[in-house]
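Spelled out, the chains give:
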Amino acid sequence: MSGTSAASGGLQAALSYCVRQVRSYDYHHYLCLLHLPPAMRKAAFTFRAFNVETAKAMDVVSDPKTGLMRLLWWKDVIDKVFTKKLVEHPVAQALSLVASDKKISKHWLKRSVDARINDANRDEGAIPETTAELERYAEDTQSTILYMTLQAGGIQSTIADHAASHIGKASGLLLLLKALPHHVNKQGTIPYIPASVAEECGLLTREGGRSEVRMDDRLPDAVFKVASVAEAHLQKARELASSVPREAVPVLLPASPAQVLLDSLRRCEFNVFDSRLSRGVHGVSPLWYQVKLNWNAWRNKY
């Protein structure tokens, strides 16, 4: 096998790895990406796989310091990718391919991993003070993926970027809410309900300069308030739809799974511990989810 063929095979294996990771750990977005034009899919799967790797970093280790080191390693990987240094990891190899083929801003990748590093560096049990802090984290980890995908598709549109910002914030907030049971089981505390919301709902305790969210039957009220912020972002994104370039709409399709999750939370009366939320895809059957997604894609709607 020639060197060129070997390199091509290696890159194909790296891209296949990215697709498998997204399918395994981010299935609702995996189905969204299948509706992208083929020329954009490689980049989109690579960005989503990068997000999977950084999102998992703190969850697959028992020692938080080990997870933080992993995130710092990924931050270093970004620098190496953009200086064309080889990194023996399939997602890093796929990022190198995308960075050389497309005009991708290194800034968005850095912003994404920096947000996760800052989150990992929070004192154990610490919570954000305001909803705005949570929105910023959601944008840094979710909207950035959409920004990069638009870039990879050569789509330059301020309106599309604004819609992507709102959709990413909505997706990020709702996914944090859905993941609350996981974090409670792991940490014994509720980490992603802002102190301002918890206080409004009578759930906030402050002791020794530390804020904590109490676990009682008022928690669904707090979840509802955060979910309402996410819903407002979805509405703002859809108000922009008539001005969004047609070619950008498939990139914004993640608004659909966000809406499905919001609707499921509403059916469960915003009780994130309701077992129905963990069934199928965001609480609905995989078939129904795909029908809804395909219907929106066919109508070129998000």
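Here the structure is a predicted model, which is why all the values come from computation and not from measurement.

Asker: Explain the overall build of the chain here, please?
Answerer: Counting its secondary structure elements, the chain contains 13 helices and 2 strands. The C-alpha atoms of the chain give a radius of gyration of 19 Å, which matches the 19 Å a tight globule of 302 residues would have. With respect to the principal axes defined by its C-alpha atoms, the chain has extents near 65 × 45 × 35 Å. Across the 302 residues in the chain, those meeting the buried criterion constitute 49%. Pairs at least 24 residues apart make up 72% of the contacts formed inside the chain by residues separated by at least 6 positions. Across the chain, the centroid of the 38 positively charged side chains sits 8 Å from that of the 31 negatively charged ones.

Asker: Would you mind going over the pairing of strand β2 (residues 210-213) with me for this structure?
Answerer: The side chains of a regular strand alternate between the sheet's two faces. Only one face of β2 is covered, namely the one carrying Ser211 and Val213; the face carrying Arg210 and Glu212 has none of its residues buried. From the end of strand β1 (residues 204-207) to the start of β2, which pair antiparallel, there are 2 residues, and Gly208 there has a positive phi angle of about 60 degrees.

Asker: Is there a simple way to explain helix α4 (residues 64-82) in this structure?
Answerer: Counting along an α-helix, one turn takes 3.6 residues, and residues three or four places apart therefore face a common direction. Over its 19 residues, α4 runs 28 Å from end to end, which matches the ideal 27 Å to within 8%, given 1.5 Å per residue. Residues of α4 that are buried include every one of Gly67, Leu68, Leu71, Trp74, Val77, Ile78 and Val81, and no others. The arc that holds every buried residue of α4, seen down its axis, measures 165 degrees, which confines them to one face. Exposed residues on α4 whose side chains face more than 90 degrees from its buried face are Lys65 and Met69.

Asker: Even after reading the chapter, I still don't get the packing of aromatic side chains, so can you show me in this structure?
Answerer: In this description, an aromatic ring pair is defined by two values, namely the gap between the centres and the angle between the planes. Applying the stated criterion across every chain yields a total of 8 aromatic pairs. For the pair Tyr30 and Phe45, a centre-to-centre distance of 5.8 Å together with 55 degrees between the ring planes defines the contact as tilted. Residue Tyr30 is found in helix α2 (residues 27-33), and its partner Phe45 is found in helix α3 (residues 38-56); the two are separated by 15 residues along the sequence. Accessibility assignment for this pair places Tyr30 and Phe45 in one class, buried. Pairing Phe50 with Trp74 gives two aromatic rings, centres 5.7 Å apart and planes at 90 degrees, and the pair type is edge-to-face. With a gap of 24 residues between them, Phe50 in helix α3 and Trp74 in helix α4 connect regions that are remote in the sequence.

Asker: What should I look at first to understand the pattern of salt bridges in this one?
Answerer: If the charged atoms of two oppositely charged side chains come close together, the side chains can form a pair. On inspection of all chains with the given rule, the structure shows 16 salt bridges. Its salt-bridge partner being Arg111, residue Asp140 comes within 2.4 Å of it at the nearest N-O pair. Note that Asp140 is positioned in helix α7 (residues 131-152) and Arg111 in helix α6 (residues 106-120), a separation of 29 residues in sequence.

Rules and cut-offs
Residues numbered from 1 in each chain as written. Predicted model: local features only at pLDDT ≥ 70, side-chain atom pairs only at ≥ 80, totals over all residues. Heavy atoms only, no water. Helix = DSSP H or I, 4+ residues; strand = E, 2+ residues; numbered from the N terminus. Rg over C-alpha atoms; globule rule 2.2 N^0.38 Å. Buried < 20%, exposed > 50% of the residue type's maximum accessible area, 1.4 Å probe, protein only. Contact = heavy atoms within 4.5 Å. Lys, Arg positive; Asp, Glu negative; His and termini not counted. Charge placed at Lys NZ, Arg CZ, Asp CG, Glu CD. Pairing = 2+ DSSP bridges. Expected span 1.5 Å × (residues − 1). Arc of directions from axis to C-beta. Phe/Tyr/Trp six-rings, centres within 6.5 Å; stacked < 30°, edge-to-face > 60°. Salt bridge = Lys/Arg side-chain N within 4 Å of Asp/Glu carboxyl O.

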